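# Close look at the chain arrangement
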Amino acid sequence: MPKRWWPIAAVGVAVAGAELFGGFGWRVGVVTYAVLTVPVVVLLLGMGRTQVVVDDDGLHAEGRTLPATDIAGATVLDAPLTRLRLGPRADPRAVVVARGFVRTSVEIAPLDERGVPYWLVSTRRPDELVAALGEAVRRARD
């Protein structure tokens, strides 16, 4: 998650809090800022918590798993191609693990494309993800 979101959120909470508790005592101000700050912090932390794990079992993302034995290949997508795969060239049957602030992604093709045509996983380190997937596939097939 971009670090610039934290000061933006802080300014938003400060302005909203001032609007809501204006004219009341300091206790109302404390409660108002607490009520506004807690969900904003939880939201910002939650947005940056998406984990993608590659191990001997395969690719794990967003509570789903693509077994290493079912991976046909993986392709690095730059920012324009990622945008196309998230928009006009997207398949609604695909598994998408995307964060809007991460511009690059990896498209993973399963061996059997009838159910899920591809997995699209956004990552700041696409080359490392492709290498890890290749290693997992190699170990699974040995």
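Notes on the structure follow. Keep in mind that what you see is a predicted model, and the values were worked out from it rather than measured. Along each chain, residues carry numbers from 1 onward, in the same order as the chain's sequence is written. Confidence filtering applies because this is a predicted model: local features only for residues at pLDDT of at least 70, side-chain atom pairs given and counted only at 80 or more, and all residues used for totals across whole chains, interfaces and linings. Side-chain numbers come from the whole structure's heavy atoms, not from hydrogens or water.

## Comments concerning the layout of surface pockets
Counted as a void, the largest pocket has a volume near 340 Å³. Of the two site types, the cavity is a set of points on a 1 Å grid over the protein atoms alone where a 1.4 Å probe fits but cannot get out, and the pocket is an open set with protein on both sides within 12 Å along at least five of seven lines, each lined by residues with an atom within 4 Å of a point. In this structure, the largest pocket is lined by 13 residues; those nearest its centre are V52, R99, T123, R124 and R125. For the lining of the largest pocket, the secondary structure elements donating two or more residues are strand 1 (52-55), strand 7 (119-122) and helix 4 (126-141). A run of H or I in DSSP counts as a helix once it spans at least four residues, and a run of E counts as a strand once it spans at least two, with each numbered from the N terminus. Among the elements that line the lining of the largest pocket, the one with the most residues is strand 1, at three residues. Classification convention: Asp, Glu, Lys, Arg as charged; Ala, Val, Leu, Ile, Met, Phe, Trp, Tyr, Cys, Pro as nonpolar; all other residues, Gly among them, as polar. Grouping the constituent residues of the lining of the largest pocket by class yields five nonpolar, four polar and four charged. Grid points are joined across faces, edges and corners, and a volume is the space filled by probe spheres set on the points.

## With respect to unusual backbone geometry
Unusually for a residue other than glycine, E62 sits at a positive phi of about 55 degrees. Looking at the element boundaries, E62 is found in the loop between strand 2 (58-61) and strand 3 (64-67). Partly exposed residues are those whose accessible area sits between 20% and 50% of the maximum for their type, while under 20% is buried and over 50% is exposed, using a 1.4 Å probe and protein chains only. For E62, a relative accessible area of 54% puts it in the exposed group.

## Notes on the nonpolar core
Within soluble globular proteins, side chains that are nonpolar generally end up buried alongside one another. Membership of the largest hydrophobic core comes to 14 residues, with the highest contact counts inside it found for L59, I108, W119 and L133. Only strand 2, strand 5 (95-97), strand 6 (105-110), strand 7 and helix 4 provide two or more residues apiece to this core. Looking at which element gives the most residues to this core, the answer is helix 4, with three residues. The contact definition used throughout considers only heavy atoms, calling two residues in contact when any of these lie within 4.5 Å. Residues in contact with I108, not counting those within four places in the same chain, are L59, L66, I71, G73, A74, Y118, W119, V121 and L133. Here the nonpolar core consists of buried residues drawn from Ala, Val, Leu, Ile, Met, Phe, Trp, Tyr and Cys, with membership extended through side-chain atoms lying within 4.5 Å.

## Focus on the packing of helix 1 (residues 5-21) against helix 2 (residues 26-47)
Fitted lines through C-alpha atoms serve as axes, helices being fitted only where they are in contact, and the angles separating the N-to-C directions of these axes extend from 0 to 180 degrees. Close contact between helix 1 and helix 2 brings their axes to 9 Å; oriented N to C, the two are set at 155 degrees. Of the possible angle classes, the one that applies to helix 1 and helix 2 is roughly antiparallel. The way helix 1 lies across helix 2 gives a crossing that is right-handed. Of the residues in helix 2, those in contact with W5, W6, A9, V13, A14, A16, G17, A18, L20 and F21 of helix 1 are V28, G29, T32, Y33, L36, T37, V40, V41, L44, L45 and M47. When grouped by side-chain class, the residues that make up the contact of helix 1 with helix 2 number 17 nonpolar, four polar and no charged. Angles are sorted into four bins: roughly parallel if under 35 degrees, roughly antiparallel if over 145, roughly perpendicular if 65 to 115, and oblique for all others. Crossing handedness is read from the near helix: turned anticlockwise from the far helix by less than a right angle, it gives a left-handed crossing, and turned clockwise, a right-handed one.

By themselves these figures say nothing about function.
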